[in-house]
Structures are given as structure tokens and as C-alpha cells.
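As a plain string of letters, each chain reads:
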Amino acid sequence: MGKAKSLKDKLYGAAVLKMSFRLRGDEASPAFRYVYPGVLRDLELDDEKVEQYITENRESVEKAARGSTPEQGPR
């Protein structure tokens, strides 16, 4: 069994997913409306926390969503 993900890892993953749709203007798409709520449920997160993470880490989230993963630093 794999190592449990930290809250920061979960927020980062959900934020990158959301930002990838946002950058394409696809947040209203059926794909986003289907996938994103499931990710929130599976990771036990809420959208408000993901938005807060995006606000606080916009540069690294956008960079990852565009396909270039930055260093996340120590955890």
C-alpha cells in the first residue's frame, strides 16, 4: 500500500486539476463538472480550501497546470 498523501499534496493535486480546466476556459464543461467533484470527494477536500490554495500558490499551480512542474520544497 502506498504512502498516505499529505493535505498539501491533496490540495496541490486538486488545485492543478482545477487550474488546468480554468486556463482552457472549461470549468463549465461536463468533464470538469463530473471529474472535479469526484476528486474533492475522494481526497476529502472542499472547493473553498482548493481556491484558497490556488490564491496562496498561484504561480506554482499555474506552472504545473501548463505542464511544467515546479519544485514543491520541503514538506
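Here the structure is shown first, and the text comes after it.
Residues numbered from 1 in each chain as written. Predicted model: local features only at pLDDT ≥ 70, side-chain atom pairs only at ≥ 80, totals over all residues. Heavy atoms only, no water.

1. Focus on the overall build of the chain
Here's step 1: Scanning the chain from N- to C-terminus turns up four helices and zero strands.
Here's step 2: When the helices and strands of the chain are listed from N to C terminus, the series reads α-α-α-α.
Here's step 3: By the burial criterion, 28% of the 75 residues in the chain qualify as buried.
Here's step 4: If you take every contact in the chain between residues at least 6 apart in sequence, the share linking residues at least 24 apart comes to 65%.
Here's step 5: Surface accessibility of the chain: about 5300 Å² in total, with carbon and sulfur atoms responsible for 52%. (Helix = DSSP H or I, 4+ residues; strand = E, 2+ residues; numbered from the N terminus. Buried < 20%, exposed > 50% of the residue type's maximum accessible area, 1.4 Å probe, protein only. Contact = heavy atoms within 4.5 Å. Areas by Shrake-Rupley, 256 points an atom, 1.4 Å probe, with all protein chains shown as cover.)

2. Re the pattern of salt bridges
Here's step 1: Enumeration according to the criterion identifies eight salt bridges in this entry.
Here's step 2: A salt bridge links aspartate 26 to arginine 24; the nearest nitrogen and oxygen atoms lie 3.3 Å apart.
Here's step 3: Judged by relative accessible area, which is 27%, aspartate 26 ranks as partly exposed.
Here's step 4: Here arginine 24 falls in the exposed class, since its relative accessible area comes to 51%.
Here's step 5: One salt-bridge network, in which partners are shared between bridges, spans Lys18, Arg22, Glu27, Asp47 and Glu51. (Salt bridge = Lys/Arg side-chain N within 4 Å of Asp/Glu carboxyl O.)

3. Focus: the packing of helix H1 (residues 7-24) against helix H4 (residues 58-65)
In a packed pair of helices, the relevant descriptors are the angle between the two axes and the axis-to-axis distance.
Here's step 1: Between H1 and H4, the least distance of the axes is 8 Å, while the angle of their chain directions is 65 degrees. Our classification of the angle between H1 and H4 gives roughly perpendicular. Relative to H4, H1 is oriented so that their crossing is right-handed. In contact with Tyr12, Ala15, Val16, Met19, Ser20 and Leu23 of H1, H4 contributes Arg58, Ser60, Val61, Glu62, Ala64 and Ala65.
Here's step 2: Here the contact of H1 with H4 is built from residues that sort into eight nonpolar, two polar and two charged. (Axes fitted to C-alpha atoms, helices over the stretch in contact; angles between N-to-C directions. Parallel < 35°, antiparallel > 145°, perpendicular 65-115°, else oblique. Left-handed = near helix turned anticlockwise from the far one by under 90°. Nonpolar A, V, L, I, M, F, W, Y, C, P; charged D, E, K, R; others polar.)

4. Digging into the environment of glutamate 62
Here's step 1: Checked against the element boundaries, glutamate 62 lands in helix H4.
Here's step 2: For glutamate 62, a relative accessible area of 21% gives the class partly exposed.
Here's step 3: Separated by 40 residues in sequence, glutamate 62 and arginine 22 have C-alpha atoms that sit 9.7 Å apart.
Here's step 4: When near neighbours in sequence (up to four residues on either side) are disregarded, glutamate 62 contacts Met19 and Leu23.

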